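# Close look at the chain arrangement
One letter stands for each residue in the lines below.
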Amino acid sequence: MDLSIGEVAQRTGLSVHALRFYEREGLFANPVRRLSNGRRIYHEEDLEWLAICTKLRSSGMPLAMIRQYIELARQGTGNEHQRLELLRRHESQVEAQIRELQGTLEVMRHKVRIYEDHLARGEADRLWNPSHPDADQGS
């Protein structure tokens, strides 16, 4: 089934601008096909790839690495080990990001507890304020 760029935008949640950007950057697994009048047409496999591609992007995979992965996939069989290594490298980076974010979340939860405790005790005025050095430090 042929889909217009507007239909793809609606189904994927990506803007038409984003879809054109993905095409310009060579981020589609297959070249975007065009009708004789120049209008882009997409197929279901393009939507499937876009779902993967947007996850790779949202995980922080650089465009160059996505392009490298796509190029390897386009070459067909024989380079599966290279694709796997590329994905493993990125997996390690995502795991490191998650660990860092987990530490950040712990700090935020600690700060939230401090504010909740102070507000519950009616001591919000004791929360740290740089213009009042006598207030609780570390809050």
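The preceding data block contains the structure.
To start, this report covers the structure provided alongside it.

Procedures and definitions
Residues numbered from 1 in each chain as written. Predicted model: local features only at pLDDT ≥ 70, side-chain atom pairs only at ≥ 80, totals over all residues. Heavy atoms only, no water. Helix = DSSP H or I, 4+ residues; strand = E, 2+ residues; numbered from the N terminus. Rg over C-alpha atoms; globule rule 2.2 N^0.38 Å. Buried < 20%, exposed > 50% of the residue type's maximum accessible area, 1.4 Å probe, protein only. Contact = heavy atoms within 4.5 Å. Axes fitted to C-alpha atoms, helices over the stretch in contact; angles between N-to-C directions. Parallel < 35°, antiparallel > 145°, perpendicular 65-115°, else oblique. Nonpolar A, V, L, I, M, F, W, Y, C, P; charged D, E, K, R; others polar. Salt bridge = Lys/Arg side-chain N within 4 Å of Asp/Glu carboxyl O. Expected span 1.5 Å × (residues − 1).

## Quick word on the overall build of the protein chain
A count of helices and strands for the protein chain gives five helices and two strands. Reading the protein chain from its N end, one meets helices and strands in the order α-α-β-β-α-α-α. Compactness check: the protein chain gives a C-alpha radius of gyration of 24 Å against a globular reference of 14 Å for 139 residues, more than 25% above the reference. The 139 residues of the protein chain split such that 27% are buried. Long-range contacts, defined here as pairs at least 24 residues apart, represent 45% of the contacts in the protein chain between residues at least 6 apart.

## Brief notes about the packing of helix α1 (residues 5–12) against helix α2 (residues 16–24)
Here α1 crosses α2 at 105°, and the two axes come no closer than 9 Å. Judged by the inter-axis angle, α1 sits roughly perpendicular to α2. Between α1, through Ile5, Val8 and Ala9, and α2, the contact on the second element is made entirely by Val16, Leu19 and Arg20. Along the lines of polarity and charge, the residues of the contact of α1 with α2 split into five nonpolar, no polar and one charged.

## A short note on the pattern of salt bridges
Inspection of every chain in the model, using the stated rule, returns eight salt bridges. A salt bridge links Arg40 to Glu23; the nearest nitrogen and oxygen atoms lie 2.5 Å apart. On the criterion of sequence distance, the pair formed by Arg40 in strand β2 (residues 40–41) and Glu23 in helix α2 is long-range, its members being 17 residues apart. The residue Glu123 makes a salt bridge to Arg121 at a minimum N-O spacing of 3.0 Å. With relative accessibility at 26%, the residue Glu123 sits in the partly exposed group. Counted as one network, the salt bridges with shared partners bring together Glu23, Arg34 and Arg40.

## Side note on helix α5 (residues 80–120)
Under the 1.5 Å per step criterion, the end-to-end length of α5 is 58 Å for 41 residues, consistent within 8% with the ideal 60 Å. By the burial criterion, the buried members of α5 are Arg83, Leu86, His90, Ile114 and His118. On its buried side, α5 packs onto α3 (44–58) and α4 (63–75). A positive phi of about 75° marks Gly122, the residue just after α5.

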